[in-house]
Amino acid sequence: MSVGVLALQGDFREHAAVLRNLGAEVELIRRPEELARISGLVIPGGESSVMDKLARAFGLADPLAKAVRAGLPVYGTCAGLIMLADSVIDGIRGQQTIGGLDIAVRRNAFGSQTLSFETDLDVPVLGASPVHAVFIRAPVVETVGPRARALATLPDGRCVAVEQDNLLGTSFHPEISGEYRFHEYFLQKVADARFRH
Ligand code: GLN
């Protein structure tokens, strides 16, 4: 079994490169029937409203939602985190998500002055050394529901990384900063889950 990267839109190539560097076999996923080949999935950064429309147009949205609820390990970065959120604040009209993460995310939460920025974050589950995090028109997790838990927060207390059972999400983009620990952590989740379709 291999790890899929949702390849409808966004920076799926960067995720595929990180996962291959870590020794994973990678499948780019664009069609529902391709889901049967994978034991985990990464949803990349990009534009969540476009990804949502494409996922529905390609018939992927419902099969993805079913797989998430059946326990498929999924890691979403930025737009991918939005796709996994049960609730979106400041989405475009009619924007839907796959859901699964018991969180509310706010799209484009950093306003125009700080659309993009980089910072170092403490992420205790990844060890003592800080994670260099790149935020690009990033969301924040505004509400962490009882089934989810925060993995990292900004100095002002806003949550930017979460985990819930088979699901992992970050507001930022480890795939473009040479930071492999989130992908390693995710691959361990995939190995532990031994997901069967
Ligand atoms: N602002 C984008 C969205 O709403 C996310 C940006 C990103 O993935 N870097 O989906």
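Residues numbered from 1 in each chain as written. Predicted model: local features only at pLDDT ≥ 70, side-chain atom pairs only at ≥ 80, totals over all residues. Heavy atoms only, no water.

Labelled according to an unreviewed UniProt entry, the protein chain appears under the name Pyridoxal 5'-phosphate synthase subunit PdxT, originating from Cryobacterium cryoconiti. Taken from UniProt, the Subunit (unreviewed entry) comment for the protein chain reads in full: "In the presence of PdxS, forms a dodecamer of heterodimers. Only shows activity in the heterodimer." Taken from UniProt, the Function (unreviewed entry) comment for the protein chain reads in full: "Catalyzes the hydrolysis of glutamine to glutamate and ammonia as part of the biosynthesis of pyridoxal 5'-phosphate. The resulting ammonia molecule is channeled to the active site of PdxS." (UniProt positions renumbered as here; feature names shortened; annotations may be inferred.)

So, about the UniProt feature "active site" (unreviewed entry) in the protein chain. Under the UniProt annotation, "active site" (unreviewed entry) lies at Cys-78, His-173 and Glu-175. Considering the C-alpha atoms alone, the annotated residues occupy 98 residues of sequence yet fold into one spot, their largest mutual distance being 11.0 Å. As for its placement among the helices and strands, Cys-78 is situated in the loop between strand 4 (74-77) and helix 4 (79-84). Excluding anything up to four places from it in sequence, Cys-78 contacts Gly-45, Ile-136, Arg-137, Ala-138, Pro-139, Thr-170, Ser-171, Phe-172 and His-173. With respect to the helices, strands and loops of the structure, Glu-175 is situated in the loop between strand 12 (167-170) and helix 5 (181-193). Glu-175 sits in the buried class, given a relative accessible area of 6%. (Helix = DSSP H or I, 4+ residues; strand = E, 2+ residues; numbered from the N terminus. Contact = heavy atoms within 4.5 Å. Buried < 20%, exposed > 50% of the residue type's maximum accessible area, 1.4 Å probe, protein only.)

With that out of the way, let us pick up the pattern of salt bridges. A complete count under the given rule lists eleven salt bridges for this structure. With its nearest N and O atoms 2.7 Å apart, the salt bridge here joins Lys-189 to Glu-163. Within this pair, whereas Lys-189 is found in helix 5, its partner Glu-163 is found in strand 11 (residues 159-164), the two being separated by 26 residues in sequence. Assessed through its relative accessible area of 14%, Lys-189 is described here as buried. (Salt bridge = Lys/Arg side-chain N within 4 Å of Asp/Glu carboxyl O.)

Here we come to the UniProt feature "binding site: L-glutamine" (unreviewed entry) in the protein chain. As recorded in UniProt, the feature "binding site: L-glutamine" (unreviewed entry) lies at Gly-46, Glu-47, Ser-48, Arg-107, Ile-136 and Arg-137. The greatest C-alpha distance among the annotated residues, which extend across 92 residues, is 12.8 Å, indicating that they converge on a single site. The residue Gly-46 is located in the loop between strand 3 (38-43) and helix 2 (48-57) in this model. Residue classification places Gly-46 among the partly exposed residues on the basis of a relative accessible area of 43%. Excluding residues within four positions of it along the chain, Gly-46 makes contact with Gln-9, Gly-10, Met-51 and Ala-79. Tracing the backbone shows Arg-137 in the loop between strand 8 (131-136) and strand 9 (140-144). Assessed through its relative accessible area of 43%, Arg-137 is described here as partly exposed. The contact partners of Arg-137, leaving out residues within four places of it in the chain, are Cys-78, Asn-108, Leu-115 and Ser-116.

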